Amino acid sequence: MLSITALLALVSCVASGPAATTSAPDSSRTASAPATGTAAKGKTKAAPADDLSKYRPKFTPPPAPKALGAKAYVAPANHVNPQIDQRLRDQAYTNQNVKYTSGWRILAYVGLERDQAMAIRRSVISRYPDETDYVTFKQPIYRLFIGDYTTRLDAERAMLRIRPLAPKAELQPTQVLINKTRF
């Protein structure tokens with residue numbers, strides 16, 4: 001019952017409200033002229049458009065650059081070139097004395113058999129004579145290292161060549177000899 005009474009109250013509110021009226025068009029405004037600026041059918045004259053120039057931004061041109069006069073040449077007071085040359089010579093001398101750098105070697109063999117280590121060494125040296133080899137012995141283990149590579153990419157390439165001769169080969173990071181031709 002409560003909902004029926006609420007519904008009746010709403011209907012009575014709507015009925016007591018002001019009636020909807022339709023407004024007549026505003027005739028106090030004057031008709032604007034067509035965009036072309038000519039009179040419609042030659043009977044009436046077009047109204048002038050509003051002047052909007054006062055709202056437009058005004059820009060001033062930048063000042064003209066001044067002519068550069070001839071300046072006197074000023075010689076530099078502190079020469080750094082001799083100092084740089086001396087530092088480069090010192091660094092080059094220091095670099096000549098460097099024998100080792102961090103790099104990679106291929107560990108071709110680890111085991112107890114000297115004969116097997118030497119067989120792998122001979123097969124690698126016979127196929128690749130430019131490769132350097134290092135056989136180390138810490139009782140009772142023999143280790144055969146191949147090559148001196150400064151980058152891992154070079155070591156990986158060499159390992160792909162050596163892998164058929166030494167199937168258990170792996171890379172080991174270590175200090176490698178550089179500039180082998182000078183020593």
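Residues numbered from 1 in each chain as written. Predicted model: local features only at pLDDT ≥ 70, side-chain atom pairs only at ≥ 80, totals over all residues. Heavy atoms only, no water.

A.B. asks: Would you explain the nonpolar core in this entry?
C.D. replies: A general trend in soluble globular proteins is that nonpolar side chains are found buried together. Core analysis: the largest hydrophobic core is formed by 19 residues, its most contacted members being Ile106, Ile120 and Ile146. Elements represented by at least two residues in this core include exactly strand S1 (100-111), helix H3 (114-127), strand S3 (141-149) and helix H4 (152-162). (Core = buried A, V, L, I, M, F, W, Y, C linked by side-chain atoms within 4.5 Å. Buried < 20%, exposed > 50% of the residue type's maximum accessible area, 1.4 Å probe, protein only. Helix = DSSP H or I, 4+ residues; strand = E, 2+ residues; numbered from the N terminus.)

A.B. asks: Can you walk me through unusual backbone geometry in this structure?
C.D. replies: Comment: phi is negative for the bulk of residues other than glycine, and the bulk of peptide bonds are trans. Cis geometry is adopted by the peptide bond preceding Pro140, which originates at Gln139 and carries an omega value of 5°. Along the polypeptide, Pro140 turns up in the loop between strand S2 (133-138) and S3.

A.B. asks: Would you mind going over the side chain of Asp148 with me for this structure?
C.D. replies: Topologically, Asp148 is positioned in strand S3. Side-chain polar atoms of Asp148 contact the side chain of Tyr134, separated by 2.6 Å. (Polar contact = N/O pair within 3.5 Å; in protein donor to acceptor, adjacent residues only side chain to side chain.)

A.B. asks: Honestly, the pattern of salt bridges in this entry has me stumped. Any pointers?
C.D. replies: Opposite charge on two side chains allows them to pair when their charged atoms are near. Under the defined criterion, the tally for this structure stands at 5 salt bridges. Close ionic contact of Asp154 with Arg157 constitutes a salt bridge, the shortest N to O distance being 3.7 Å. Residue Asp154 and its partner Arg157 are located together in helix H4, separated by 3 residues, close to a single helical turn. Looking at Asp154, the relative accessible area reads 33%, which means it is partly exposed. (Salt bridge = Lys/Arg side-chain N within 4 Å of Asp/Glu carboxyl O.)

A.B. asks: Any chance you could explain the sheet that holds S2 here in plain terms?
C.D. replies: Backbone hydrogen bonds hold the strands of a sheet together, and the pairing may be parallel or antiparallel. Pairing is antiparallel across the open sheet formed by 4 strands, whose spatial order is S2-S3-S1-S4. Strands with a single pairing partner mark the edges of an open sheet, and in this sheet they are S2 and strand S4 (170-177). Neighbour to neighbour, the strand axes of the sheet diverge by 35° on average, direction disregarded. Relative to S4, S1 runs antiparallel, the two being bridged by 8 bridges. Looking at S4, one finds that Gly103 is bridged to Thr174. (Pairing = 2+ DSSP bridges. Axes fitted to C-alpha atoms, helices over the stretch in contact; angles between N-to-C directions.)

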